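Geometric and topological summary
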Amino acid sequence: MLVLQWRSFATKSMLALRRWFREFTEFFFQKGNALNLAIAVVVGTQFQQIVDALTKDLLMPLLNPLIRNGGWEKWVIPYAGGELLIGQAMNVLLNSLIVGWALFLIVKAINRSQRMASVGLDQVRGRQKAEPEV
């Protein structure tokens, strides 16, 4: 009895795995998602380079005079024979906040344009219904 249950479980698992693999191949290869992913990676890399340049070349030189010893990127805390790189962590945090802020603005603009487009379509549809047919 136990052997039959195990075979049934193994058969169901194999069918589920095959279905998952088929769905994955359809998603990745047939629908163009691999190309979209590649484009997103390239754009994301460029966007990160822009944020890094803004942080290192624009924002940090403006903030460094306000900080003792010229900047926080060199801040470390000695710990058990090593160092905790607090300044590097703060730099990553600042970069993340800038990226998050920029993505928020982009998503907000996209949502606004979609709302405006749907309102425009509703107005056009309303006009078409109001006009008498000839």
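Conventions we followed
Residues numbered from 1 in each chain as written. Predicted model: local features only at pLDDT ≥ 70, side-chain atom pairs only at ≥ 80, totals over all residues. Heavy atoms only, no water. Helix = DSSP H or I, 4+ residues; strand = E, 2+ residues; numbered from the N terminus. Buried < 20%, exposed > 50% of the residue type's maximum accessible area, 1.4 Å probe, protein only. Contact = heavy atoms within 4.5 Å. Core = buried A, V, L, I, M, F, W, Y, C linked by side-chain atoms within 4.5 Å. Patch = residues over 30% accessible without salt bridge, like charges linked within 9 Å, V, L, I, M, F, W, Y side chains within 5 Å. Areas by Shrake-Rupley, 256 points an atom, 1.4 Å probe, with all protein chains shown as cover. Salt bridge = Lys/Arg side-chain N within 4 Å of Asp/Glu carboxyl O. Polar contact = N/O pair within 3.5 Å; in protein donor to acceptor, adjacent residues only side chain to side chain. pLDDT = per-residue confidence, 0-100.

1. Structural notes on the overall build of the protein
Of regular secondary structure, the protein possesses three helices and two strands. Each helix and strand of the protein, placed in order from N terminus to C terminus, yields the pattern α-α-β-β-α. Taken across its 134 residues, the protein has 10% of its residues classed as buried. In the protein, the proportion of contacts linking residues at least 24 apart, taken out of those at least 6 apart, comes to 33%.

2. Some thoughts on the nonpolar core
Val 51, Met 60, Ile 67, Trp 72, Leu 94, Ile 98 and Val 99 together form the largest nonpolar core, which totals seven residues. Of all the secondary-structure elements, those providing two or more residues to this core are helix H2 (33–63) and helix H3 (86–130). When residues of this core are assigned to their parent elements, the largest contribution, three residues, is made by H3. The contact partners of Val 99, leaving out residues within four places of it in the chain, are Phe 47, Gln 48 and Val 51.

3. Some words on a nonpolar patch on the surface
A grouping of Met 14, Leu 17, Trp 20, Phe 21, Phe 24 and Phe 27 is seen on the molecular surface, where their side chains present a nonpolar patch of about 650 Å² in accessible area. Topologically, Phe 24 is positioned in helix H1 (residues 2–30). Look at Phe 24 and you get partly exposed, because its relative accessible area is 36%.

4. Overview of the side chain of Asn 95
In this structure, Asn 95 sits in helix H3. On the accessibility criterion, Asn 95 (10% relative accessible area) is buried. Among the polar contacts listed, one links the side chain of Asn 95 to the side chain of Asp 52, at a separation of 3.0 Å. Beyond its immediate sequence surroundings of up to four residues, Asn 95 is in contact with Gln 48, Val 51, Asp 52 and Thr 55.

5. Overview of the side chain of Asn 91
Here Asn 91 shows up in helix H3. You can call Asn 91 buried: its relative accessible area is 10%. Setting aside chain neighbours within four positions, we find Asn 91 in contact with Thr 55, Lys 56, Trp 72 and Glu 73.

6. Side note on the confidence of the model for the protein
The predicted structure's coordinates, where accompanied by low pLDDT, should not be read in detail. Confidence in the prediction for the protein averages 80 pLDDT; 87% of positions are at 70 or higher. The secondary-structure element of the protein with the lowest mean pLDDT is H1, recorded at 77, while strand S2 (residues 82–84) shows the highest, at 91.

7. Regarding the environment of Asp 52
Structurally, the position occupied by Asp 52 is in helix H2. Through-space distance from the C-alpha of Asp 52 to that of Asn 95 is 6.8 Å; in sequence the pair is 43 residues apart. In contact with Asp 52, other than residues within four places in its own chain, are Asp 57 and Asn 95.

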